Amino acid sequence: MRSTDVKSGPASHWRLWVRVGYVAVIGLATLSNLGFEAVGAAELTRRLGAALSPSVTPHDAVDGLRNLLLFAGWGLAWCMTAPDTRLGRAIVMATITGMLLSAGVESAQLFSSQRYASVLDLFTNTSGSFMGGVVAVGLLRAARAARSARSFFGMPMFVFAAAYGTAAMLEILLPGLRQEYLPGAAGGPLRRFQLARDYMGWGSNGFASSLLQIMLMLPAGAFAVAALAESGRSYTRALAITAAAGVVLALVLEFLRGATGQPVELGIFTAHAIGFAAGAWLAAHWLPRLTRAVRGRSRPRMLITAYAVILLLWGWRPFGLRFDMAELRQSFSAGHLMPLTALAMKTDMFSASDVAVSFLLNFPLGALLAVWPLHRKGWLAHAWAGIWIVVFVEAGQLLVGARFFDVTDIIIASSGVLAGWALMRRAGFRPYGQLLDRATGS
């Protein structure tokens, strides 16, 4: 494939459409249900004064984290679509444009009956844009540096290790299906940690729950060993580093959970530590054999199949079938079918973590498809397979108890796929081949 493929023909405006699309996402997330109302000069002055001198509440911390995540996506999108020779300048422009977007949003909220403008939001939004830009440029430069390095799948495995590992750590800190606070959890982090210490125990999670946590952490250990092996570490050393780091991280994050007012459960910590270590051992033991026995496109086929199963594991847990038709009908309500509506109604740390985890889990999928697409021709041919996997996982939640189908989840996960694809293409990686035969489609 020619290096100019992303820039020629109908795709010449893809950079502009990415930015316009993300502006639309920001608008939906921040201006939906605005409740516009005309206000007089005196009321406008009062609201402006309140925006410039906001009172800080615990809700502001959650709102700030959500703003950081939302505008970090803008910084990432801007820098991924910036000219190749101006990546440093792109960070500055991502920050400035993020600040201007935020200023426009906060100005509009001065005329809202439902939302409140705040200079804190302007600060967190601008900071998020800067952070997203720094991460994007850092990833681009690291990926470019890895183009000529050893690679198991034609792409650097640090992409899988970093993205999946971060998602796993967020799952430990703010678990998606164990959203609980200790009785009386209030006040600052120190007081909450002291409360969690008093309640600390083994936990009441059964074998099935512990096994699920092991399975979720296992790929993190495996990807870390693969990334370290690509960097030149021996498998034995990669295993030792990953297993030790996994145990330490699992312990630290478990106690950090206590600082948020959640219970510290030694049983769950043990499951997480076992998962990290087991994944590292499996990779160190089997990866050398697999790389000798499996060649060509069979190797990425194996990885994409395994990763699709991993995404199903995350998306369909806790695997209980839904029998309540009222719950099924709720999945087709406006709140779940209108983009970003359900997310806008959530104001807790868990929802912010859920957004980040969904994006991160699907990021490596897009990166892999950028170098090993199912097909090489057609609009977004490289990324469509990842988007269809996202839709399949989300549609399956219609039948899973305690889960709901949500268009917003599809948008976030698909954004992760496209961002991973864009990273590899911007870093100079090109397809090695296609995973499906042209003639047979298999």
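Before reading on, note that the structure itself is shown above.
First, a word on scope: everything that follows refers to the structure included in this document. (Residues numbered from 1 in each chain as written. Predicted model: local features only at pLDDT ≥ 70, side-chain atom pairs only at ≥ 80, totals over all residues. Heavy atoms only, no water.)

## Describing the pattern of salt bridges
And step 1. In this structure the tally under the stated criterion is 5 salt bridges.
And step 2. Between Arg317 and Glu171 there is a salt bridge whose closest N-O contact spans 3.2 Å. Of this pair, Arg317 sits in the loop between helix H11 (298–316) and helix H12 (325–330) while Glu171 is found in helix H6 (residues 158–173), placing the two residues 146 residues apart along the sequence.
And step 3. Owing to a relative accessible area of 7%, Arg317 belongs among the buried residues under this scheme.
And step 4. Looking at Glu171, the relative accessible area reads 3%, which means it is buried.
And step 5. Here the residues in one salt-bridge network are Glu37, Glu43, Arg46 and Arg47, joined through shared partners. (Salt bridge = Lys/Arg side-chain N within 4 Å of Asp/Glu carboxyl O. Helix = DSSP H or I, 4+ residues; strand = E, 2+ residues; numbered from the N terminus. Buried < 20%, exposed > 50% of the residue type's maximum accessible area, 1.4 Å probe, protein only.)

## Brief notes about the packing of aromatic side chains
And step 1. Counted according to the given criterion, the structure contains 12 aromatic pairs.
And step 2. Aromatic pair Phe359 and Phe363: ring centres 6.1 Å apart, planes at 40 degrees, arrangement tilted. With Phe359 and Phe363 both in helix H15 (residues 349–371), this residue pair falls 4 residues apart, about one helical turn.
And step 3. By relative accessible area, which is 5% here, Phe363 ends up buried. (Phe/Tyr/Trp six-rings, centres within 6.5 Å; stacked < 30°, edge-to-face > 60°.)

## Overview of the packing of helix H8 (residues 207–230) against H11
And step 1. Put simply, H8 and H11 touch, their axes get as near as 10 Å, and they point 145 degrees apart. Between H8 and H11 lies a crossing of left-handed hand. Mapping the contact onto sequence places Leu212, Met215, Leu216, Pro219 and Phe223 in H8 and Leu303, Tyr307, Ile310, Leu313 and Trp314 in H11.
And step 2. In terms of residue class, the contact of H8 with H11 is built from 10 nonpolar, no polar and no charged. (Axes fitted to C-alpha atoms, helices over the stretch in contact; angles between N-to-C directions. Left-handed = near helix turned anticlockwise from the far one by under 90°. Contact = heavy atoms within 4.5 Å. Nonpolar A, V, L, I, M, F, W, Y, C, P; charged D, E, K, R; others polar.)

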